[in-house]
Amino acid sequence: MKELLKEIKKCNICAAHLPLEPRPVLRFNKNSKILIIGQAPGTKAHESQTDFDDASGKKLRQWLGIDAKTFYNTNNIAVVPMGFCYPGKGRTGDLPPRPECMPKWHQKIVDQLADLQLVILIGQYAQKAYLKGNSYKNLTETVRNYQEFLPAFFPIPHPSPTNRFWMAKNKWFEIEVIPILQERVQVILQ
């Protein structure tokens, strides 16, 4: 797995489309129990080379019911975004993840995760890719029907502060879904 990670860290297949140099941000090891698949790293993660090292990460750890030490232990959590490098800025936030990473790398990584027990799908890009036509018409409905995807997958919205309007309109998520997510995570990590 170390060789695979080294190979990925050297990847530059989408360099011509990136605003900054390729610097893949991901982490995993063969013992990772939970795989988090998000969108793509932001500028802060690009610079620090640390995933979810921001307000989104703080919220995500809160949703999972775990501390940073547990979160960053790759025996517990692997993070493999849809796009490994910062994709650039769009009109309303970061651009979508580059499409090259998933078909080139994801299956190679997943195949080596010997103790994988749950895949948390953050946002519409991960959900559409991994739920393959079984997702609902939009993220809200996919997340609302999360039970249909268990035990393998758990779809959630992005924990970004920019999703505060979604959270305000969908209070059921934190009331009904987060406790189930936390319970699932605790059972796996015990």
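S.K.: How should I be thinking about the environment of Thr142 in this particular structure?
M.R.: Within the secondary structure layout, Thr142 lies in helix 7 (residues 139-144). Residue classification places Thr142 among the buried positions, given a relative accessible area of 1%. Separated by 26 residues in the primary sequence, Thr142 and Leu116 place their C-alpha atoms 22 Å from one another. With residues near it in sequence (within four places) discarded, Thr142 still touches Gln127, Leu131, Ser135, Tyr136, Phe149 and Pro155.

S.K.: For this particular structure, what's the right way to read the packing of helix 1 (residues 2-9) against helix 5 (residues 101-110)?
M.R.: For any two helices packed against each other, the geometry comes down to the angle between their axes and how far apart the axes lie. Across the interface, helix 1 lies against helix 5 with an axial gap of 11 Å and an inter-helix angle of 165°. As the angle between them shows, helix 1 and helix 5 are arranged roughly antiparallel. For helix 1 against helix 5, the interelement crossing comes out left-handed. Mapping the contact onto sequence places Leu4, Glu7 and Ile8 in helix 1 and Trp105, Lys108 and Ile109 in helix 5.

S.K.: Just checking my understanding: could you explain the pairing of strand 5 (residues 118-122) for this structure?
M.R.: Moving residue by residue along a regular strand, the side chains alternate between the two faces of the sheet. Among the 5 residues of strand 5, 5 are classified as buried, and the element is accordingly described as predominantly covered. The two faces of strand 5 match: Leu118, Ile120 and Ile122 on one face and Val119 and Leu121 on the other face are all buried. Here strand 1 (residues 34-37) runs beside strand 5; their pairing, made up of 4 bridges, is parallel. Residue pairing for strand 5: Leu35 is matched across the bridge by Val119. Across 4 bridges, strand 5 lies against strand 6 (residues 153-156) in parallel orientation. From the neighbouring strand, Ile122 faces strand 6, where its bridge partner is Ile156.

Cut-off values and rules
- Residues numbered from 1 in each chain as written.
- Predicted model: local features only at pLDDT ≥ 70, side-chain atom pairs only at ≥ 80, totals over all residues.
- Heavy atoms only, no water.
- Helix = DSSP H or I, 4+ residues; strand = E, 2+ residues; numbered from the N terminus.
- Buried < 20%, exposed > 50% of the residue type's maximum accessible area, 1.4 Å probe, protein only.
- Contact = heavy atoms within 4.5 Å.
- Axes fitted to C-alpha atoms, helices over the stretch in contact; angles between N-to-C directions.
- Parallel < 35°, antiparallel > 145°, perpendicular 65-115°, else oblique.
- Left-handed = near helix turned anticlockwise from the far one by under 90°.
- Pairing = 2+ DSSP bridges.

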